[in-house]
Amino acid sequence: MSVQIGAHVDLSDAVAQAKSIGADVVQVFLSDPQAWKVPPLDHPGGAEAFREETAAAGLGVYVHAPYVINVASTNNRIRIPSRKLLQQIMTGAEAIGARGVVVHGGHVTAKDDPAVGFDNWRKAIDALETDVPVLVENTAGGDFSMARRLERIEQLWAAVMQANGAENVGFTLDTCHAWAGGIDLATAVDDIRAITGRIDLVHANDSRDTAGSGADRHAHFGEGNIPPELLVGVVAAAGAPVVCETHGDMGPDIAWLRERLAA
């Protein structure tokens, strides 16, 4: 089967890195994932040059939003800056020609009603000014997460579908996060599609930890605890572009996945 497979790379030399590892698609950060500020684009020639270079190379581009973003939060000091930062990232993603922006589902606290977090997501989508899809990603841990377990994903999806701009909301399925979060990978694609009707991107990663651990620790394929047939099965069933996110040389991971999909 023909699935576009790639990896997370550095913005500054995305095309060269993609070529060296045989990637069809790339994912990049537009800023420090742990920071609240978006600096000028770290690419020679800026956004226009990046867009032209990736287009010429035939590369699909995705942006991963900063980890600090939590639009579900009931804390104004987190939620309001999160929404502002997300808008900046969406604007930057549009400038570089990205297919979508991956955003973690976020969380509330033990004392909060989860329904408030879901509605905060709706308000965040309402407020965005962008034509670039927001790709909500399932998360690995946390009892108060918005997108760890299927029932929470269902509630989150129901909320964002009520927003203006709901047509621009998609889903990213992360295999490591699903495994750690207690989602059955054997049925994950069908279960997610039953809720969302779509899977726009797969983050294909093995997991250093056991199923249901809640630990977000990626591993190279074959070096973690997820059975290979489950990893390949998710990618094959989803039929969506794939981004591998483990640190280090991602070339062997891309080749590993391509070989098994072709078998």
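Look up a bit, the structure's there.
Now for a look at the structure at hand. (Residues numbered from 1 in each chain as written. Predicted model: local features only at pLDDT ≥ 70, side-chain atom pairs only at ≥ 80, totals over all residues. Heavy atoms only, no water.)

### A word on the layout of surface pockets
Our working definition: Here a cavity denotes grid points, spaced 1 Å and computed from the protein atoms alone, that fit a 1.4 Å probe unable to get out, and a pocket denotes an open set having protein on both sides within 12 Å along at least 5 of 7 lines; residues with an atom within 4 Å of a point are the lining. Grid points are joined across faces, edges and corners, and a volume is the space filled by probe spheres set on the points.
Reported here for the largest pocket is a volume of approximately 550 Å³. Forming the boundary of the largest pocket are 22 residues, of which H8, Y67, E245, T246 and H247 lie nearest the centre.

### Examining the pairing of strand β2 (residues 25-28)
The test is simple: Each residue is placed in one exposure class: buried if its accessible area under a 1.4 Å probe, protein chains only, is under 20% of its type's maximum, exposed if it is over 50%, and partly exposed if it falls in between. For the purposes of this entry, the term helix denotes a DSSP run of H or I that reaches at least four residues, the term strand denotes a run of E that reaches at least two, and both are numbered from the N terminus. Clockwise travel from the first strand over the helix to the second, with the strands pointing away from the viewer, marks a crossover as right-handed. Strand pairing is defined by DSSP finding a minimum of two bridges between the two strands.
The side-chain alternation of β2 yields two buried faces, one formed by V25 and Q27 and the other by V26 and V28. For the handedness criterion, the β-α-β arrangement of strand β1 (residues 5-8), helix α1 (residues 14-21) and β2 is classed as right-handed. Across four bridges, the pairing between β2 and strand β3 (residues 60-64) is parallel. Of the residues in β3, the one forming a bridge with Q27 is Y62.

### Some thoughts on the sheet that holds strand β10 (residues 242-244)
Stated precisely, the cut-off is as follows: All axes are obtained by fitting lines to C-alpha atoms, using only the stretch in contact for helices, and the reported angles, taken between N-to-C directions, cover 0 to 180 degrees. Two residues qualify as a contact provided that any one of their heavy atoms is within 4.5 Å of a heavy atom in the partner residue.
What the eight strands build is a closed barrel, ordered β1-β2-β3-β4-β5-β6-β7-β10; its pairing is parallel. For this sheet, the mean angle separating the axes of adjacent strands, direction not counted, is 30°. Strand direction decides the pairing type here: strand β4 (residues 100-104) and strand β5 (residues 134-137), joined by four bridges, are parallel. Bridged to V103 within β5 is V136. Here helix α4 (residues 114-127) sits on the sheet in contact with β4, β5 and β6 (169-174), set at roughly 160° to β5.

### Side note on helix α7 (residues 188-196)
Applicable threshold: Arc, as used here, means the arc of the directions from the helix axis to the C-beta atoms.
The set of residues buried in α7 consists of A188, V189, I192, I195 and T196. On an axial view of α7, the arc spanned by its buried residues comes to 130°, and they lie on one face. Seen from the open side of α7, the exposed residues pointing more than 90 degrees away from its buried face are D190 and A194. One or two residues past the end of α7 sits G197, with phi positive at roughly 80°.

### Digging into the packing of helix α3 (residues 76-95) against α4
The criterion, for reference: Crossing handedness is read from the near helix: turned anticlockwise from the far helix by less than a right angle, it gives a left-handed crossing, and turned clockwise, a right-handed one. Three categories are distinguished: nonpolar for Ala, Val, Leu, Ile, Met, Phe, Trp, Tyr, Cys and Pro, charged for Asp, Glu, Lys and Arg, and polar for the others, with Gly belonging to the last.
Where α3 contacts α4, the two axes come as close as 10 Å, and the packing angle between them is 35°. Handedness of the α3/α4 crossing: right-handed. Along the contact surface, α3 presents R79, R83 and Q87, while α4 presents N120, K123, A124 and A127. Here the residues of the contact of α3 with α4 sort into two nonpolar, two polar and three charged.

### Here's the deal with the pairing of β6
Where burial is concerned, most of β6 is hidden: six out of the six residues are buried. The two faces of β6 match: V169, F171 and L173 on one face and G170, T172 and D174 on the other face are all buried. Pairing between β6 and strand β7 (residues 201-203): three bridges, direction parallel. When the sheet's bridge partners are listed, D174 is paired in β7 with H203.

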